[in-house]
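The lines below spell out each chain.
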Amino acid sequence: MRKRLRSLPDRRDNQNSSLHTWPFSCWENTVRCHLNSTRQIHLLIALRIIGLAIAYGVLARLVLTVSTANGNVTIFWIPGGLALAATLAWGVKVWPGIFIGALSAGLMVDDPVEVAIFLALGNTLETLIAFWLCKKRNWLNPEFDQTKDFLDLGRVAAVAAMISALIGPVTLSVAGYLTWEKLPYNIGHWWQADLLGILFGTPLFLAWRKYPTDWFSREKLVETLAIFVGTWLVGQVVFLEWFKPFLGNIALGYWLFLMLVWGAVRRGRQGVLLILAMVAIQALFGATQAVGFFANDIEQTGLQNFWFYLLVLSSVGVGLVIYVEGRSKAEETLLKSESRFHSLYNNMAEGVALHRFVLDSAGKKIDYVILDVNPAFELHTGLRTQEVIGKTATEAYGSVPYLDQYVAVTSEQNVQFQTYFEPLDKTFSISVVATDADSFATIFRDISEEVRLEKTLRQASARFEAIIEASPIPMALNNEALDIVYLNDAFVQVFGYTLSDIPIIAAWWPKAYPDPDYREQVQQTQYLLVS
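Here's what I pulled together on the structure shown here. (Residues numbered from 1 in each chain as written. Predicted model: local features only at pLDDT ≥ 70, side-chain atom pairs only at ≥ 80, totals over all residues. Heavy atoms only, no water.)

1. Some thoughts on the packing of aromatic side chains
Alright, step 1. Taken as a whole and assessed by the stated rule, the structure comprises 33 aromatic pairs.
Alright, step 2. Look at tyrosine 56 and tryptophan 77: their rings are 6.3 Å apart centre to centre, the planes differ by 70 degrees, and that puts the pair in the edge-to-face class. Of this pair, tyrosine 56 sits in helix α2 (residues 22–63) while tryptophan 77 sits in the loop between α2 and α3 (78–90), and the two are 21 residues apart along the sequence.
Alright, step 3. Its relative accessible area of 1% is what places tyrosine 56 among the buried residues.
Alright, step 4. Ring centres of phenylalanine 76 and phenylalanine 200 lie 5.5 Å apart, and the angle between their planes is 70 degrees; on these two criteria the pair is classed as edge-to-face. Taken together, the residues phenylalanine 76 in the loop between α2 and α3 and phenylalanine 200 in helix α7 (residues 183–207) connect sequence positions 124 residues apart.
Alright, step 5. Judged by relative accessible area, which is 5%, phenylalanine 200 ranks as buried.
Alright, step 6. Site record: aromatic cluster; members linked through ring pairs are Phe76, Phe200, Phe239, Phe257, Phe293, Phe294, Phe306 and Tyr309. (Phe/Tyr/Trp six-rings, centres within 6.5 Å; stacked < 30°, edge-to-face > 60°. Helix = DSSP H or I, 4+ residues; strand = E, 2+ residues; numbered from the N terminus. Buried < 20%, exposed > 50% of the residue type's maximum accessible area, 1.4 Å probe, protein only.)

Right, here's the structure in full:
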């Protein structure tokens, strides 16, 4: 809006403009800018609703090709994950897209309109409940960067899936598509489908909002193709019986775990989720064709084996990628920490030296080796770095200075002291920190100049006090708080008061000027002179 206002012509540049119309013109453009912005937001929301409806409807129609009762009951409802991911990413305002997509999917499998409406209502309410649990109750971190986040997603999915699992089978039973005798089984089946769909689909669609451009860089392209083309080929072998005459009856289901581990280590969360999506598609397609690893699963178990296989595969893949990414983040944090430490170590004004104790045969600490020093060490000591690193204190200094102080240092108690070091004719302030049982670090600075200055000040102060004390003129010194801190002998002899008699200036006035009127006059006079 500010850019739009700046682009308007200045009234001084337009000879035909009226000074009275300028404020109204500014207001009009401000409103127009606001309306345009509001229209853009509404248009964006509408486009998202349409896109979600299309994606949900198409995905639901594809999933419902694998069904057990009138094209409505499946074991893997991935659109539920898409719906929750969309609301978490775009906000709850896109919920009409879920309803429209679910309704269109029901109509595409020839459900009556009233049945399709109730099923779409169940799917929509499921997503809204899941969104409420995630946002309002803070049950979920949508970043999914910790194991806890996926466990929380499982908790959200388990609760929210109950809504659709109750509405869907009951609606189909009332409509006569399912028998009432199998209602508990169908509710459980439906709940499993929505649970796995949310668990699997939500992180998949959220993770793939950002395209991994680095996968196809020159350095990573070959490995990226090897991972995903290899996964597809293994999936074809496992689920669609490619090369069966050659492989015979070899168990193949575990082959995908190799590709999953490869993807987790080398391509992270997006890689694992993409591999899982490829596996799910190939496995379902093979099941519908009655070939491969789940050839008889629809008929014998209603795809229960597929459900548990994908659940286990997802758990392994997600757990592994969280561990790998967590370790990578920890290593990155460690590298940054080390970089900061080295920057501080090399640029700090204080000298730093790292040491390790030397023990005798009885385990007594008798010396210490200088392991490393920072650049300031040379500045403070005058000793060159290469002359001391790797040498014992005896070799570097000709003795073992301050061994007793260093031995006294523990992990719970540090040591600080000031000392004059005769070999270098310098005074140091030294802090000693234990780094482990047999190692320690010293942080020190040369305070020789400070000590000399302090000594000079003490001598000057002593001379000043001697002059005041010998003065025949009565003198009193006070601090900023108006406490009397010193009275010379002349003061005591002339006035007869000591510090115990007049510890503060306020106690001096009544003794010096007993008459209140005269005292006030003197105080005012002194105030005028001082100010």
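Once you've had a look at it, read on.
2. A look at a nonpolar patch on the surface
Alright, step 1. On the surface, Tyr211, Phe216, Leu221, Leu225, Val229, Trp232, Leu233, Trp242, Phe243 and Phe246 cluster together into a nonpolar patch covering about 1000 Å² of accessible area.
Alright, step 2. Per-element tally for the nonpolar patch: the top contributor is helix α8 (residues 221–240), with 5 residues. (Patch = residues over 30% accessible without salt bridge, like charges linked within 9 Å, V, L, I, M, F, W, Y side chains within 5 Å. Areas by Shrake-Rupley, 256 points an atom, 1.4 Å probe, with all protein chains shown as cover. Salt bridge = Lys/Arg side-chain N within 4 Å of Asp/Glu carboxyl O.)

3. Some points on the sheet that holds strand β3 (residues 415–421)
Alright, step 1. Spatially, 5 strands are ordered β2-β1-β5-β4-β3 in an open sheet, and the strand pairing comes out antiparallel. With partners counted over all chains shown, the strands left at the sheet margins are β2 (365–373) and β3, one partner each. Direction aside, the axes of adjacent strands within the sheet are offset by 35 degrees on average.
Alright, step 2. Relative to strand β5 (residues 439–446), strand β4 (residues 426–436) runs antiparallel, the two sharing 8 bridges. Its bridge partner being in β5, isoleucine 430 is matched across the sheet by phenylalanine 444. (Pairing = 2+ DSSP bridges. Axes fitted to C-alpha atoms, helices over the stretch in contact; angles between N-to-C directions.)

Read these as layout, nothing more, since geometry by itself doesn't imply function.
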